[in-house]
Amino acid sequence: MTRGRIREKLHRSNLYSFSCLRPSTMEAEGLNSVQGSRIVHCNEPQLHQKKPLKYCSNFTSTTKYNVVTFLPKAIFEQFRRVANVYFLLAAALSLTAISPFSAVSMIAPLAFVVGLSMAKEALEDSRRFVQDMKINLRKVSVHKGDGVFGFRPWHKIRVGDVVKVEKDQFFPADLLLLSSTYDDGICYVETMNLDGETNLKIKRSLEATLPLDDDESFKDFTGTIKCEDPNPSLYTFVGNLEYDRQVFPLDPGQILLRDSKLRNTGYVYGVVVFTGHDSKVMQNATKSPSKRSTIEKKMDYVIYILFTLLVLISLISSVGFAVKTKYEVPKWLYLQPQNTDSLFNPNKPSLSGFYHLITALILYGYLIPISLYVSIEVVKVLQATFMNQDIHMYDEETGNPAQARTSNLNEELGQVDTILSDKTGTLTCNQMDFLKCCIAGIAYGMRSSEVEVAAAKQMAIEEEEADLSNFPMRADSRHGSTKNVRKGSEIELETVITSNDKNDQKPTIKGFSFEDCRLMNGNWLKEPNFDVHKMFFRILAICQSAIPEPIEDTGSYTYEAESPDEGAFLLAAREFGFEFCKRTQSSVFIRERYPNPGQPVEREYRILNLLEFTSKRKRMSVIVKDEEGNIFLLCKGADSIIFERLSRNGRIYEEATTRHLNEYGEAGLRTLALAYRKLDESEYATWNDEFQRAKTSIGGDREAMLERVSDMMEKELILVGATAVEDKLQKGVPQCIDKLAQAGLKIWVLTGDKMETAINIGFACSLLRQGMKQICITTVGSDTLVKDGKEGVKEHILNQLTNASQMIKLEKDPHAAFALIIDGKTLTYILKDEMKHQFLGLAVDCASVICCRVSPKQKAMVTRLVKEGTGKTTLAIGDGANDVGMIQEADIGVGISGVEGMQAVMASDFSIAQFRFLERLLVVHGHWCYKRIAQMVCYFFYKNIAFGLTLFYFEAFAAFSGQSIYDDWYMLLFNVILTSLPVISLGVFEQDVSSEVCLQFPALYQQGPRNLFFDWYRILGWMGNGIYSSLVIFFLNIIIFYHHAFRAGGQTADMATVGTTMFTCIIWAVNCQIALTMSHFTWIQHLFVWGSIVTWYLFLLLYGMTSPLLSGNAYQLLVEVLGPAPIYWASTLLVTICCNLPYFAHISFQKCFNPMDHHVIQEIKYYKKDIEDQHMWTRERSKARQDTKIGFTARVEAKIRHLRGRLQKKHTNLVAS
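Note that the structure is predicted; figures quoted are calculated from it, not measured. (Residues numbered from 1 in each chain as written. Predicted model: local features only at pLDDT ≥ 70, side-chain atom pairs only at ≥ 80, totals over all residues. Heavy atoms only, no water.)

**A closer look at helix H35 (residues 1157-1166)**
Next, step 1: Buried within H35 are the following residues: His1158, His1159, Ile1161, Gln1162 and Ile1164.
Next, step 2: Two residues or fewer past H35, Lys1168 is found with a positive phi of approximately 60°. (Buried < 20%, exposed > 50% of the residue type's maximum accessible area, 1.4 Å probe, protein only. Helix = DSSP H or I, 4+ residues; strand = E, 2+ residues; numbered from the N terminus.)

In structure tokens:
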């Protein structure tokens, strides 16, 4: 309670110079010119129940279907598959007399296939619906009239409602802030779900609405808002409020956006402006798209080929039947040609041939496998189950496993070319740790960053693997060293610093990972220039705008700061002995423990002015007066900004500090420089008068005046040091990015954060590194552009793109790496213009791309540009509502079930708990699923061609009469039972290499993006194999049985005997073929493959034992006819060998003379060379990665090249001397 009261008494706007300024209500020129038709009657929602003021409800939905649209849309989705359209026509024709099969046998399979797929779609969409309802049914306090508030579900909120939002609650709609628990209407807002930023934003209400600070005050409240129409711009708002006979201009500073959260404020009152899909976050959302994998799309073309083949042989059969009907049927008296009908009329052979064409199209339908789609659905569901149960993708901290939310895109995971990733919450875990600092030119901090530790380990591994006997190296550091990799070293790896602590335990204080006894426990008093150290610590403690919150149990404090960096600085100051403990309206109080630790002294520093941090200023300053009456300006900011404002006497430590800042930057740390200036009383008084005039001025140039006056004071600074904080990456992120880069994947980062933050994270993840040339495309840099308007800005951007592309083309160094960095404002121009293709061309030529300050809509637009511009598979990954657009736009969307809610997960195709699991999801499961589905589909086409064409061949021997050589039950069971389980086992259990090998040989992943297993060469090869097998099966059996005695009594074989023998050969041939295709056998594969063959014989035995009325010509066929005949078994063996011999020869030749990567690994593993010859195994592993210029591996290789260059130069100098 005490904490809340203290905070409520603070007039926060008095501290700020820029964003929290409240213009005078009498500023006539401040009124906004509103271009929009939206009118909102505050506290009168009933006026919005009729048009034209009736706006959309607050109900939101992310589902693909609803009750009305499910049936038509789901059916449309199913019949986008070409094969299903064919079978729909065949099912319709089966109702006529021309069908060779019964209607049930054609309709039932189609209904089963389509029904199963639709049921799966309904199940997956129902999960989205449940999550939507959880959001729609959230409760918020709404004004019901007469000053009484009551709770109401979000979806029942209307435009004009006055709502009361409590601390840590989400805003249910876009609101106009009326008042808060702070006296001057300030509130803190977390916009993580919108722009990914974790630092709190400050919003402020109009001064006129401040009295509306309790429930009773809304009893008679009315007002009218005239504002812009719904739009996706998160950072703009134009409108006016008519209240109390006055008109007040509105800006984004008064707008609370849906899905942002109220923080550090007891409660706020607001009036609803935009609801539901009119809200800005939903305007940034995109419709849930229907996604199909590349293989499935290509399957359609294969179906077209098969359908063309089907029509061709049907035409041949139809022409043959017409010819036979006209010229030969009249001679076959036993057919009674005089009894004619439309289907069989020698006098009208063309008509009979036409009807037979339809019969043939249905008869030869086995060429197009309807069971393929069912089998793929089953296989994908089982694959998804294995992904969900993968213990290696289970996060123990959160208890979240990986989840395949849709199984349609499993194989697409193995064909990804570009990854587009969010930053905050995806790559980082939203935690800043104070790690190192530089004071008076001396570097402090023994603990290494995650980047340094991982880089050191990687470099050690690389050096051990590389054959650098002529280049002995030693890894060493200033404060700790790694073991010698090569003795007799002449070169030190100066940039690699590792911790002495072998256990490397996590810090006990969250946000403070600093280790250095020289500064801890008051030891800084023993350092030279300890007065500089004292000033450094005071700047950390005083130059901030946070609020301390006491912890009752420990007596210590936590800090609610605007940014996580600021919170880390305050924790560091506390640990160094300067604890920020209290803030009043005009002062901050610092409890200093030293030089007397037992008797800490509480010092008051009066806050005279606070010049806040903005992305344009890149610095923050506070002017304070201490207890002795001294006035200081304390400043922290980007080193480039601070260094140019130093006085001559303030540059003593500039050179050393710059060197340390470069080291911190290479280690992936976020840095700030700290400086101060002592002011005279008269000097400050003169400046403050001018500052106050600028602060209270009226007009559009007020901020420019403030900036100019601030610049006057923020000069002649004295540098004291610099800080280095670590934006904690999620566990395993650098290693994951390195592995993905070695797998040949391109990685883009799309973030709402400012450019400096994104660049720092780029270094932390090794997407950027020292020596990489950064290409920054921005609209900043020319004040004349404002005069030239949009055309001038476009020309400026186009020049930058052209110059950058030219620079890359002229680069002669093959190892040179480029990084493209661009901001959202620039993208606004690029994405709406023809420049986007030039931008994409430049981006593709760069090793890494970072887009900063991008809105959710821009994330989706960039994703679409990459997807459509490159024509390759894209994957988007994020964890917040601001990532939903790009997740839905990408070919594959991956949501991270992190701290930002479940919106990204609900919109995703796959969800994981940590970014590092993306490595296994793609490199292991993606690789497996792609090869499994590709081989499975190719095999399906093979076996159906091998089976279906034998029906056509027989037609030539049966006068094209439409007679089938096989029993109807044989044909029904062929795809359903006798060949279905082996192909499902192939799709579920096949592994060319184990998961460990996939991770050790990341280049294997490129088999997917290069589409080696489902290109036209392989597809046509399998189809050719099917045609060859059909020829062998049919004609070899005809040759064997046509003129030869079949039984001991001299009898020849009848149609049932030949047909059953042929079918036996087919079962053997296709099952042996799949056994040759498999690389990995378990007992399940053995059971399914050989069990299918055994099932055939069991069926034939049991079918033959049934009544002749049911079994017909198959009665006792196996027992009495086929079983006793040696020729049956001999022909089965001969035909099976002949069918599989070409494939066996092909695969043997390939493995011997032109092996693929996995063939080499399989042989090494089979002969256990990985155990017996570790050197060879290591050499093969080092070769099995794609050339990349990002990641730790690229950083290490660049370092090794640098070292070699130094050694070569040294050798050359020695020779010359």
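Having put the structure on the table, let's press on.
**Examining the pairing of strand S24 (residues 631-637)**
Next, step 1: With seven of its seven residues buried, S24 lies for the most part within the structure.
Next, step 2: Burial along S24 is two-sided: Ile631, Leu633, Cys635 and Gly637 and Phe632, Leu634 and Lys636, pointing in opposite directions, are all buried.
Next, step 3: Where strand S23 (residues 619-625) folds back on S24, the antiparallel hairpin that results is connected by five residues, among which Gly629 adopts a positive phi of roughly 90°.
Next, step 4: Where S24 lies against strand S25 (residues 670-679), seven bridges are found, and the strand directions are antiparallel. (Pairing = 2+ DSSP bridges.)

**Here's the deal with the packing of helix H27 (residues 980-989) against helix H31 (residues 1083-1105)**
Next, step 1: The N-to-C vectors of H27 and H31 enclose an angle of 160°; their axes lie 8 Å apart at closest approach. With respect to H31, the axis of H27 lies roughly antiparallel. Crossing hand, H27 versus H31: left-handed. In this structure, H27 contributes Leu981, Pro982, Ser985 and Phe989 to the contact, and H31 contributes Ile1084, Gln1085, Phe1088, Val1089 and Ser1092. (Axes fitted to C-alpha atoms, helices over the stretch in contact; angles between N-to-C directions. Parallel < 35°, antiparallel > 145°, perpendicular 65-115°, else oblique. Left-handed = near helix turned anticlockwise from the far one by under 90°. Contact = heavy atoms within 4.5 Å.)

**Some words on the confidence of the model for the protein**
Next, step 1: Across the protein, pLDDT averages 82, with 86% of residues at or above 70.
Next, step 2: Here residues 1-30 is a poorly scored stretch, pLDDT under 50, and it has 81 contacts once near neighbours within four places are set aside; other chains count.
Next, step 3: Scored below 50 in pLDDT, residues 782-787 shows four contacts in the model against residues more than four places distant or in partner chains. (pLDDT = per-residue confidence, 0-100.)

**Observations concerning the sheet that holds strand S29 (residues 818-823)**
Next, step 1: Taken in spatial order, the nine strands make up an open sheet running S14-S33-S32-S31-S15-S27-S30-S29-S28, and their pairing is mixed. In this open sheet, the two strands that pair with only one neighbour each are strand S14 (403-404) and strand S28 (773-777).
Next, step 2: Of the strand pairs in this sheet, strand S31 (residues 873-878) and strand S32 (residues 892-896) are connected by four bridges, and their pairing is parallel. Counted as the bridge partner of Ile877 is Val894 from S32.
Next, step 3: In this fold helix H21 (residues 835-845) packs onto strand S27 (746-750), S28, S29 and strand S30 (848-852), with an angle of close to 140° to the strand it touches most, S29.

**Some details on the side chain of Arg292**
Next, step 1: Residue position: Arg292 is located in the loop between helix H6 (280-283) and helix H7 (294-327).
Next, step 2: Leave out the neighbours within four places in its chain, and Arg292 touches Arg80, Arg81, Lys297, Asp300, Leu409 and Glu412.

**Concerning the nonpolar core**
Next, step 1: In this structure, Val937, Tyr966, Tyr970, Phe1014, Phe1063 and Trp1096 are the most contacted members of the largest nonpolar core, which totals 102 residues.
Next, step 2: No other element matches helix H25 (residues 917-957), which puts 17 residues into this core.
Next, step 3: Apart from residues no more than four positions distant in its own chain, Phe1014 is found in contact with Ile295, Lys298, Met299, Tyr930, Ala934, Val937, Cys938 and Ile1019.
Next, step 4: If you look at the next biggest cluster of nonpolar residues, it comprises 61 residues, including Val416, Phe763, Ile821 and Ile850. (Core = buried A, V, L, I, M, F, W, Y, C linked by side-chain atoms within 4.5 Å.)

**Section: the sheet that holds strand S13 (residues 267-274)**
Next, step 1: Across the sheet, which stays open at both edges, the six strands sit in the order S3-S2-S4-S13-S5-S11 with antiparallel pairing between neighbours. This sheet does not close on itself; its edge strands, each paired only once, are strand S3 (148-153) and strand S11 (255-256).
Next, step 2: Bridging between strand S4 (residues 162-166) and S13 involves five bridges; their strand directions are antiparallel. The residue of S13 that forms the bridge with Val162 is Val271.

**Remarks on the packing of aromatic side chains**
Next, step 1: Applying the stated rule across the entire model yields 54 aromatic pairs.
Next, step 2: Their ring planes at 80° and their centres at 6.4 Å tell us that Phe434 and Phe569 sit as a pair that is edge-to-face. One end of the pair, Phe434, is in strand S16 (residues 428-439); the other, Phe569, is in helix H12 (residues 564-576), and 135 residues separate them in sequence. When sorted by exposure, Phe434 lands in the same class as Phe569, which is buried.
Next, step 3: Centroid distance Phe1063 to Trp1096: 4.9 Å. Interplanar angle 55°. Geometry classified as tilted. Of the two residues, Phe1063 is situated in helix H30 (residues 1055-1077) and Trp1096 in helix H31; the sequence distance between them amounts to 33 residues.
Next, step 4: Since its relative accessible area comes to 0%, Phe1063 is described here as buried.
Next, step 5: An aromatic cluster is built from Phe434, Phe512, Phe514, Trp524, Phe536, Phe537, Phe569, Phe576, Phe578 and Tyr594, whose rings are joined through pairwise contacts.
Next, step 6: If you follow Arg38 out to its NZ or CZ, it ends over the ring of Tyr55, 3.9 Å from the centre.
Next, step 7: Geometry around Tyr267 places Lys164 over its ring, the cationic atom sitting 4.5 Å from the centre. (Phe/Tyr/Trp six-rings, centres within 6.5 Å; stacked < 30°, edge-to-face > 60°. Lys NZ or Arg CZ within 6 Å of the ring centre and 35° of its normal.)

**What about the environment of Leu679?**
Next, step 1: For Leu679, the location among the structural elements is in strand S25.
Next, step 2: C-alpha of Leu679 to C-alpha of Met713: the two residues are 34 residues apart in sequence and 9.4 Å apart in space.
Next, step 3: Apart from the residues within four sequence positions on either side, Leu679 is in contact with Ile623, Ile631, Leu633, Tyr684 and Met713.

**As for the packing of helix H20 (residues 824-831) against H21**
Next, step 1: Between H20 and H21, whose axes approach to 7 Å, the crossing angle comes to 120°. For the element pair H20 / H21, the angle class is oblique. The segment H20 lies against H21, with Leu827, Tyr829, Ile830 and Leu831 engaging Met835, Lys836 and Phe839.
Next, step 2: Residue composition of the contact of H20 with H21, grouped by class: six nonpolar, no polar and one charged. (Nonpolar A, V, L, I, M, F, W, Y, C, P; charged D, E, K, R; others polar.)

**What about the side chain of Asn408?**
Next, step 1: Counting through the fold element by element, Asn408 comes out in the loop between S14 and strand S15 (416-421).
Next, step 2: For Asn408, a relative accessible area of 12% corresponds to the buried category.
Next, step 3: At a separation of 3.2 Å, a polar atom in the side chain of Asn408 contacts the side chain of Glu121.
Next, step 4: With residues near it in sequence (within four places) discarded, Asn408 still touches Lys120, Glu121, Ser293, Glu377 and Lys380. (Polar contact = N/O pair within 3.5 Å; in protein donor to acceptor, adjacent residues only side chain to side chain.)

**Observations concerning the pairing of strand S5 (residues 174-180)**
Next, step 1: Counting buried residues along S5, seven of its seven residues qualify, which places the element largely inside the surrounding structure.
Next, step 2: Of the pairings in the sheet, the one linking S5 to S13 comprises six bridges and is antiparallel in character. In the sheet register, Leu175 faces S13, and the bridge partner there is Val272.

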